[in-house]
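Structure assessment
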Amino acid sequence: MSEIPYKIYLEESEMPRAWYNVRSAMKVKPAPLLNPATLRPMTADDLRPVFCDELIAQELDDTTEYFPIPEEIRNFYKMYRPSPLVRAYCLEKELGTPAKIYYKFEGNNTSGSHKLNSAIAQAYYAKKQGLRGVTTETGAGQWGTALSMACAYLGLDCKVFMVKVSYEQKPFRREVMRTYGADVTPSPSMTTAVGRKILEEFPGTGGSLGCAISEAVEAATTHEGYRYVLGSVLNQVLLHQSIIGLECKTALDKYGVKPDIIIGCAGGGSNLGGLISPFVGEQLRGEANYRFIAVEPASCPSLTRGKFAYDYCDTGMVCPLAKMYTLGSGFMPAPNHAGGLRYHGMNTVLSQLHADGLLEARSVEQTKVFEAAERFARCEGILPAPESSHAIRAAIDEALLCRETGEEKTILFGLTGTGYFDMTAYGQYNDGKMTDDIPTDEDLARGFASMPRIDI
Ligand SMILES: *Cc1c(COP(=O)(O)O)cnc(C)c1O
């Protein structure tokens, strides 16, 4: 075995040719999505007015192990993949830890995050179905940007509902999307019935992801030739993001490296799910033993303080019900929460793995997250996204634990994106004005009250 380089690159020929579906290895499958009207499992026919046909097939498939990646998507991937797997020698030195730290960096494309991996796949299937365009929501803007890029490449129309606070606070994100040809509307808006209803009930609201989702779904079902696409939470997104974990495994296998701990930040769960999928598969088959850790913000703690139950995926309650760890679709994180990862629920696969004891979860306060981000930036050079920095925080904490115990653990974490569009949040931190807002049990109770009363 040779010395591990700073960056482990893969050849184009070593890139994965199929996505891995971790559900195929799960004995306890994630609970099915339910039709909110009938409370019966969603069928492909139920989903067809909203989603693209091929993506529905991927969403509902709990058994197929591998889905071949179509050549056109593989060619697009080649523009920015394989993404680098970095041995964090400088961070290890800075921490004085015997731990060996690796991170997979997904921010080296213009959209700045891993979301492009699924955006191109979803846009491809929409195009293949002969659709005119797609609609979606975006919070901080990474997903909208990624989807705009993918749609521009394939010649599809793209309508983005952007959470209003972000639309106002992140004008540059908005302009990147418009440059790629997307139509960007601040949400809630007067252009949909659900948007008008939310505005009537909460005038002056800055919006939320759940509310933007409801608007995007309505726009898809009321415009001929459009379908709705989603950048996280769904199992099809986890499937596409498995490219992250598959590349990691191929690269680490080349050097005979086996991680002890695999860490990812968790918003809706797609990057973490994609990163750990092939490793979870090994573990479920009894071939290996890893610790998996999900890291979420203390201000939006779905896995660590949420309920594992059926809930609405959106504020407007137009989407299917999912059984997941959730804070209730009515939950909104405190307005001074700057670190992203603000979705109220969690992907059903990750929720099931957590319920089964396979996936650990912890929450971290945002000042601790930005402290880790700055420390990382100063020694490793990359300016990380606040979301990604949740994983950095946990990786640093684990490495510091190794310094105390002298254990030479191997830690792998997902560095999902860059923080160039988050400088307002960095500014707050640098000015010492960032606060930690942890919801009280009463705050959470208000969110839980918005959940449907179903016993399944
Ligand atoms: C969207 C996003 C996340 C969180 O989404 P997941 O679906 O939980 O992966 C994390 N990091 C970055 C940079 C993002 O853009």
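Residues numbered from 1 in each chain as written. Predicted model: local features only at pLDDT ≥ 70, side-chain atom pairs only at ≥ 80, totals over all residues. Heavy atoms only, no water.

As a further point, take the pattern of salt bridges. Counted according to the given criterion, the structure contains 29 salt bridges. Among the ionic pairs, Arg81 bridges to Glu247, the shortest N-O distance being 2.9 Å. With Arg81 in the loop between helix 3 (71-77) and strand 4 (85-87) and Glu247 in helix 11 (residues 235-254), this pair connects stretches of sequence that are 166 residues apart. The residues Arg81 and Glu247 share a single accessibility class, namely buried. The partner of Arg393 in a salt bridge is Asp397, and the shortest N-O contact between them spans 2.8 Å. (Salt bridge = Lys/Arg side-chain N within 4 Å of Asp/Glu carboxyl O. Helix = DSSP H or I, 4+ residues; strand = E, 2+ residues; numbered from the N terminus. Buried < 20%, exposed > 50% of the residue type's maximum accessible area, 1.4 Å probe, protein only.)

Moving on to empty space enclosed by the protein. As enumerated under the stated definition, the model contains six cavities of 30 Å³ or more in all. Of the voids in this model, the largest cavity is the one considered here, and its volume is about 70 Å³. Together, Phe51, Tyr228, Leu230, Val233, Leu234, Cys313, Cys319 and Pro320 line the largest cavity. In terms of residue class, the lining of the largest cavity is made up of eight nonpolar, no polar and no charged. One number sums up the size of the second largest cavity: a volume of about 60 Å³. Looking at the second largest cavity, the residues that line it are Leu33, Glu59, Val233, Leu234, Asn235, Cys313, Ala322, Met346, Asn347 and Thr348. Residue composition of the lining of the second largest cavity, by class: six nonpolar, three polar and one charged. (1 Å grid on protein atoms, 1.4 Å probe; cavity = no way out; pocket = protein on both sides within 12 Å on 5 of 7 lines; lining within 4 Å. Points joined across faces, edges and corners; volume = space filled by probe spheres on them. Nonpolar A, V, L, I, M, F, W, Y, C, P; charged D, E, K, R; others polar.)

The next thing to look at is the sheet that holds strand 11 (residues 291-297). Within the open sheet, the seven strands sit side by side as 1-4-5-15-10-11-14. Their pairing is mixed. This sheet does not close on itself; its edge strands, each paired only once, are strand 1 (7-8) and strand 14 (359-364). Bridge count between strand 10 (residues 261-265) and strand 15 (residues 410-415): three bridges; the pairing is parallel. Bridge pairing links Ile263 to Phe413 in strand 15. (Pairing = 2+ DSSP bridges.)

We now examine the sheet that holds strand 9 (residues 226-228). The parallel open sheet is built from four strands, whose spatial order is 8-7-6-9. Each of the sheet's edge strands pairs with one partner strand only, and the pair in question is strand 8 (183-187) and strand 9. Adjacent strand axes in the sheet meet at a mean angle of 25°, parallel and antiparallel pairs treated alike. The pairing of strand 7 (residues 157-163) with strand 8 spans five bridges and is parallel. Counterpart to Met162 in the pairing with strand 8 is Pro186. Against the sheet, helix 10 (residues 209-222) engages strand 6 (133-138), strand 7, strand 8 and strand 9, with an angle of about 170° to strand 6. (Axes fitted to C-alpha atoms, helices over the stretch in contact; angles between N-to-C directions. Contact = heavy atoms within 4.5 Å.)

Attention now moves to the packing of helix 9 (residues 193-201) against helix 10. In contact at an axis separation of 8 Å, helix 9 and helix 10 are set at 150° when each is read in the N-to-C sense. Classified by the interaxial angle, the pair formed by helix 9 and helix 10 is roughly antiparallel. On helix 10, the residues touching Ala193, Val194, Gly195 and Ile198 of helix 9 are Cys211, Ser214, Glu215 and Glu218. Among the residues forming the contact of helix 9 with helix 10, the class breakdown is four nonpolar, two polar and two charged. (Parallel < 35°, antiparallel > 145°, perpendicular 65-115°, else oblique.)

Cis geometry is adopted by the peptide bond preceding Pro82, which originates at Arg81 and carries an omega value of -5°. One can find Pro82 in the loop between helix 3 and strand 4. Ser187 connects to Pro188 through a cis peptide bond whose omega is 5°. When you line up the elements, Pro188 lands in the loop between strand 8 and helix 9. The phi dihedral of Val233 is positive, around 65°, even though this residue is not glycine. Inspection of the secondary structure assignment puts Val233 in the loop between strand 9 and helix 11. Positive phi is not limited to glycine here, since Leu341 has a value of about 55°. We classify Leu341 as buried; its relative accessible area is 12%.

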